[in-house]
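Breakdown of the fold
Take a look at the letters that make up each chain.
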Amino acid sequence: MDRKNNINVGIILVLLSSAFSACASPAAAATATPQPSATVTATPEVPTATPTPAGCQEMQGHFEYQEIQTTLMTHPLSLRVYLPVCYDPDGEYEYPVLYFLHGQSFTDDQWDRLGADETLDRLILAGEVAPFIIVMPKESDYMSNQWDSKYGPALAEELTVWIDEHYPTCADRICRAIGGLSRGAAWAMRSGLIYWETFGSIGAHSLAPFRGDFNEAPFWFKEIPEEQLPRIWIDVGVLDVNLDAANTFEVRLTKYRIPHEWHIYLGTHNEDYWQAHVEEYLRWYAENWKERMKS
Amino acid sequence: MRSHPFNRTTHHFFLFLMPVFLLMGCASPAQTAVQTPTEELPTSTVQLATPTEDAAGTQHLCERSGTIQSFNLASDLLNDTLSFDIYFPPCYDPHTTTPYPLIYLLHGQEQDASMWQDIGIQAAADALILEQSRQPFLIVMPVEQYYFRSSENNHYPDAILQELLPMIESNLPVCAERECRAIGGVSRGGAWAVRLALSNWDVFGALGAHSIPLFNGDLDSLPDWLSAIPLADLPRIYADVGSTDPAVKEAYAFEQELNALGVPHEWHLNSGRHNETYWAEQLPAYLAWYTLPWMEDSN
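On a predicted model such as this, the values are computed, not experimentally measured, just so you know. (Residues numbered from 1 in each chain as written. Chains lettered and ligands numbered in written order. Predicted model: local features only at pLDDT ≥ 70, side-chain atom pairs only at ≥ 80, totals over all residues.)

**Some points on the overall build of chain A**
Scanning chain A for helices and strands turns up eight helices and eight strands. For chain A, the proportion of its 295 residues judged to be buried stands at 43%. Long-range contacts, defined as pairs at least 24 residues apart, comprise 77% of the intrachain contacts of chain A with a sequence gap of at least 6. (Helix = DSSP H or I, 4+ residues; strand = E, 2+ residues; numbered from the N terminus. Buried ≥ 20, exposed ≤ 12 C-beta atoms within 10 Å, placed from the backbone. Contact = placed C-beta atoms within 7 Å.)

**Considerations on unusual backbone geometry**
All names here are of chain B. Within the chain, N79 stands out as a residue other than glycine whose phi angle is a positive 55°. Here N79 lies in the loop between β1 (67-75) and β2 (80-88). Notably, S187 is not glycine yet its phi reads approximately 55°, a positive angle. Following the sequence through the fold, S187 ends up in the loop between β5 (181-186) and α5 (188-199). For S187, a count of 26 C-beta atoms within 10 Å corresponds to the buried category.

**Concerning the environment of S227 of chain B**
By the secondary structure assignment, S227 of chain B is in helix α6 (residues 218-227). Spatially, the C-alpha atom of S227 of chain B lies 8.5 Å from that of L261 of chain B, the residues being 34 residues apart in sequence.

**Structural notes on the nonpolar core**
I134, V135 and L207 of chain A together with F84, L138, I139 and L207 of chain B are the most contacted members of the largest nonpolar core, which totals 147 residues. Ignoring sequence-local partners within four residues, the contact set of I134 of chain A consists of Y82, L98, F100, W111, A116 and L120 of chain A. (Core = buried A, V, L, I, M, F, W, Y, C linked by C-beta atoms within 7 Å.)

**A short note on the confidence of the model for chain A**
Of the residues in chain A, 81% have a pLDDT of 70 or more, and the chain-wide mean is 86. Considering only residues more than four positions removed or in separate chains, one finds that residues 1-49 of chain A, a stretch of pLDDT under 50, has 92 contacts. (pLDDT = per-residue confidence, 0-100.)

**Regarding helix α4 (residues 156-171) of chain B**
All names here are of chain B. In a regular helix each residue adds 1.5 Å, so 16 residues correspond to 22 Å; α4 covers 21 Å between its end C-alpha atoms and thus fits that length. The largest bend in α4 is about 30°, located at L164, with the proline P166 one to four residues further on. Within α4, the full set of buried residues consists of Y156, P157, A159, I160, E163, L164, L165, M167 and I168. (Expected span 1.5 Å × (residues − 1). Bend = angle between axes of the 7 residues up to and from the residue.)

**Focus on the packing of helix α3 (residues 121-131) of chain B against helix α8 (residues 276-290) of chain B**
Residue and element names in this part refer to chain B. Orientation of α3 relative to α8, taken along the N-to-C sense of each, is 45°, at an axis distance of 10 Å. Here α8 runs oblique to α3, going by the angle between their axes. Like other packed secondary-structure pairs, α3 and α8 cross with a definite hand, here right-handed. In this structure, α3 uses I121, A124, A125 and L128 to contact α8, whose residues at the interface are L283, P284, L287 and A288. (Axes fitted to C-alpha atoms, helices over the stretch in contact; angles between N-to-C directions. Parallel < 35°, antiparallel > 145°, perpendicular 65-115°, else oblique. Left-handed = near helix turned anticlockwise from the far one by under 90°.)

**As for the pairing of β5 of chain B**
Residue and element names in this part refer to chain B. The element β5 is largely enclosed, with a buried count of six among its six residues. Side-chain alternation along β5 places R181, I183 and G185 on one buried face and A182, G184 and V186 on a second face that is also buried. Of the strand pairs in this sheet, strand β3 (residues 102-106) and β5 are connected by five bridges, and their pairing is parallel. Residue L102 lies in a different strand from β5, and its bridge partner there is R181. (Pairing = 2+ DSSP bridges.)

**Details of the packing of helix α6 (residues 213-223) of chain A against helix α7 (residues 243-255) of chain A**
Residue and element names in this part refer to chain A. Here α6 crosses α7 at 20°, and the two axes come no closer than 10 Å. Relative to α7, α6 is oriented roughly parallel. Note on packing geometry: the crossing formed by α6 with α7 is right-handed. Together, D213, F214, A217 and P218 of α6 and T248, F249 and R252 of α7 make up the contact between the two elements. Taken together, the residues that form the contact of α6 with α7 break down as four nonpolar, one polar and two charged. (Nonpolar A, V, L, I, M, F, W, Y, C, P; charged D, E, K, R; others polar.)

**Quick notes on α8 of chain B**
At Q282 of chain B, α8 of chain B shows its maximal kink, close to 45°; a proline, P284 of chain B, follows between one and four residues later. Lining the buried residues of α8 of chain B we find β3, α3, β5, β6 (206-210), β7 (236-242) and β8 (265-270) of chain B.

**Focus on the environment of Q135 of chain B**
Residues and elements named next belong to chain B. In this structure, Q135 sits in the loop between α3 and β4 (138-142). With 159 residues separating them in the primary sequence, Q135 and W294 have C-alpha atoms 5.6 Å apart. Aside from chain neighbours lying at most four places away, what touches Q135 is P101, W294, M295 and E296.

Quick look at the structure:
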């Protein structure tokens, strides 16, 4: 076939059609931004944060400080609970809960300092995420051996129950996420996998995995029915000294075909890094709770 | 700058395309512009015609859904026709003063550009623009006709880079900065995207490698490609694969090499296989990722 001929035919067609269609409609002047029009039926659903009570004028939420005595731990467990902007203890809305764990040498104020609370409020007010509660427990014996410590089991077995009793939560695994940074990430990963019936999402930020968990993990995976696997997120700074260890853990996930996501960002193992990414973290947890925005 | 070796044929092509693009903004909202590419005839010509009544005189009306149109380019490098589809966003404006960012998406073996329509690209792209604050963007979807040929001495990537890309940029109101250009693909198309993006880091700002096995030898080329890129100019990289895809190991080898080289990226192991069901499930996430830097200003 002679291509050139075809192209000539094409030109003629174009010219003809352009003669007919020559910008009959002023719509040609339409701007690139989508404009609502009366004739269009399928308007996109605008997410409304109905869970926030009507008329709420708040701009931010507030913390409550708690201390509970668990049976697993010998000393009391301190924690702060972030109740987000327009939190309504008496409404019908059931709040999902993020259990958000600090790192070694830090305390329960860490995620507060990193801006998790302000960021959450901003996202809620913008209608971008469904309101949820953030529980920030304190690991006071953060130097303890991770097999002797009952911190992880106490969180999963006792703290979640206590929270569900004292706050208007959605007491379903899908509504519970566990996440943390560094050593907190190690706890989140271990507890999230072992207590898969309790948590629907696991976020491991700058994961510094517990050494033994490399070999334990495959046994944990085996216990979880495939359709019940929690969502898993791992991220590490490219200059983080834990990169290799985190990657060694991640290799297990890929090897055993456990769905997950893995993010390598510029940065190292410090608060600048976590601060830069806290919004992404919160958005990721909230993704599981999107439908709750609409009802 | 790269050279733009146009010859007479491509030039002719431009001449005929220009009125097409100029007119596109007038296309009526009623028309469904999805068409399969034909081998030779520029199919785009067919669908520009006939404004419908309701298009006339209704100033406020612009399309609530994007359109996909097919084009052909006579490629010297391929010594053949390079077909491609373009997704135009809702309310596409050929005279815009804010040029469109764009994504190049490459199909896999035994597929052509229609795979993107099969997996719902138009609705997914529309949704991002209409509901998720993305700037309107374009998607260019070339067809690799000879997908069974070896990757060696294969001019398909050259044709994309040296013929298709300049043709697009000189005829459409697109932003010609690397931050505005993303490239990605599935399977073999993803392997092309890796090669194109990493060996031309000054051209593309983002790379999506979906369900890829790399081409032979490319794993070994990664260190060279990547070490040539200044740290601050590394493209954004997204790699993913289905957990029961036979390509998991190869996709993972690519990802692990990025780890080893200290290259920021993200890796998603999802439930799923190596098929259009998987890509249809993932497509909204892919597009959301490509377009993440292209948010409308919220004010």
